[in-house]
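Below, each chain spelled out in residue letters.
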Amino acid sequence: MGLISDTEYTINISGKQKELYDTEIYNSSFVNESNGSLPSGWTSHPNATGDEPGIRQSTLNPNFKVLAISGSNDAAADIPDFPGSVNYGRWVKYSNASIKGAVTVDFKFTAGTVGANNEFNLDRPEASSGEHLWFQYSTDDTNWNTVSEYQNTDEQYGSVTTQVSENITVPVGKRIYLRWVSSTYNGLTTYDHWAIWNVVIRRNIPAPLRNTFLGVPNLRKQTATKRYHTFLGDQK
């Protein structure tokens, strides 16, 4: 955790230079989490008892773990702002008081699979049955907005891992809650699973506007390593 880069991005506002400080709030591959648990800061749907979303370890690689969205489920009517069209769903949520304003969320996800490649014992969701995954956010932990929807349209049985990067912007100082929601057609615990991992959350903090005065434009003894914009014009 900590400062990734203080000059990773540069934007120009009204002719002046301004950097975006990319502050890392959260970064977890889940490899150090206990199997079957929910990591600190994460919660799941109220009916998740016994067989519930949690950390699963690969049967092929002990250093590969995911947060499985699987097991017991809720009726769609019991999930606020449920985005699906079927009768049941599951969700996991991450909450951290530091997630405010403009953030970028990176994560990997995959659909469940069948057969020899089923290293996490997760069942395949079918896109044709409306069994999708959604990424959502909320500013009050009650009303949810959908950022993106993901479908297992090619039904490649989990052989495809997808890396995504999503941007969320709310008013400065507003807290953000994050939720991953999946849907299941038949409501059985053993069907229609998804998994996420390598979750990285970064808050984009604008650096103070840099007005650097290097002297009048014709003062040739002034030197600098890069060009700046000032109220007197370009300086270099």
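What you see is a predicted model, and the numbers here were worked out from it, not measured in a lab. Per-chain numbering applies: the sequence of each chain, read as written, is numbered from 1 onward. Predicted model: local features are reported for residues with pLDDT of at least 70 only, side-chain atom pairs are reported and counted for 80 or more only, and whole-chain, interface and lining totals are derived from all residues. Note that water and hydrogens are dropped before the side-chain values are worked out from all heavy atoms of the structure.

Q: Would you mind going over the overall build of the protein chain with me for this structure?
A: The helix count covers DSSP runs of H or I at least four residues long, the strand count covers runs of E at least two residues long, and both are numbered beginning at the N terminus. Helix and strand counts for the protein chain come out as zero helices and 15 strands. Working definition: with a 1.4 Å probe on protein chains only, accessible area under 20% of the residue-type maximum means buried, over 50% means exposed, and in between means partly exposed. Counting across all 236 residues of the protein chain, residues that qualify as buried make up 44%. For the protein chain, long-range pairs separated by at least 24 residues make up 68% of all intrachain contacts whose partners lie at least 6 apart in sequence. All accessible areas in this document rest on Shrake-Rupley with a 1.4 Å probe, and a residue is counted as covered only by the protein chains that are shown. With an accessible surface of roughly 11,900 Å², the protein chain has 47% of that area assigned to carbon and sulfur atoms. A contact between two residues is defined here by any heavy atoms of the two lying within 4.5 Å.

Q: Looking at this model, I keep getting lost on the pattern of salt bridges. Mind explaining?
A: Pairing between side chains becomes possible if they bear opposite charge and their charged atoms approach one another. Salt bridges are identified by distance alone: a Lys or Arg side-chain nitrogen within 4 Å of an Asp or Glu carboxyl oxygen. A full pass over the atoms with the stated rule returns three salt bridges. A salt bridge links K93 to D141, with the shortest nitrogen-to-oxygen separation between them at 2.8 Å. Here the residue K93 occupies a position in strand β7 (residues 88-100), and D141 occupies one in the loop between β9 (133-138) and β10 (145-150), the gap between them amounting to 48 residues. Classification of K93 as buried rests on a relative accessible area of 13%.

Q: Could you clarify how one ought to interpret the side chain of H132 in this entry?
A: With respect to the helices and strands, H132 occurs in the loop between β8 (103-111) and β9. Judged by its relative accessible area of 9%, H132 is buried.

Q: Honestly, unusual backbone geometry in this entry has me stumped. Any pointers?
A: For residues besides glycine, phi is generally negative; the peptide bonds are generally trans as well. Of note, D81 is a non-glycine position whose phi angle comes to about 55°, a positive value. Considering the arrangement of structural elements, one finds D81 in the loop between β6 (74-75) and β7. Assessed through its relative accessible area of 38%, D81 is described here as partly exposed. For D141, which is not glycine, the phi dihedral falls at a positive 65°.

Q: Sorry if this is basic, but what is going on with the environment of I201 here?
A: Tracing the backbone shows I201 in strand β13 (residues 194-206). Residue I201 is classed as buried on the basis of its relative accessible area of 0%. I201 sits 34 residues away from N167 along the chain, and the two C-alpha atoms are 9.9 Å apart. Residue contacts for I201: discarding those within four places in its chain leaves T23, E24, I25, Y26, Y94, I99, T104, V105 and L178.

Q: What is the right way to read the confidence of the model for the protein chain from this model?
A: Regions with low pLDDT carry predicted coordinates that are not meant to be interpreted in detail. For every residue, the pLDDT score states the predictor's confidence, bounded by 0 at the bottom and 100 at the top. Looking at the protein chain, pLDDT values average 78 and 70% of them are 70 or higher. Per-element confidence in the protein chain is highest for β9, whose mean pLDDT is 96, and lowest for strand β1 (residues 2-13), whose mean pLDDT is 30. Note on residues 219-232: pLDDT under 50 across the span, and 31 contacts to partners over four residues away in sequence or across chains.

Q: Which parts of the structure should I look at to understand the nonpolar core?
A: Buried residues of nine kinds, namely Ala, Val, Leu, Ile, Met, Phe, Trp, Tyr and Cys, make up a nonpolar core once their side-chain atoms join them within 4.5 Å. In terms of nonpolar packing, the biggest core is built from 35 residues, with W42, F107, L178, W180, I196, V199 and I201 touching the most fellow members. Every element with two or more residues in this core is listed here: β2 (16-28), β5 (65-69), β7, β8, β9, β11 (162-168), β12 (175-184) and β13. Excluding its chain neighbours within four sequence positions, the residues that come into contact with V199 are Y26, N27, S28, F30, W42, D106, F107 and W180. Counting five residues, the second-largest nonpolar core is a separate cluster that includes A76, F82, W91 and V181.

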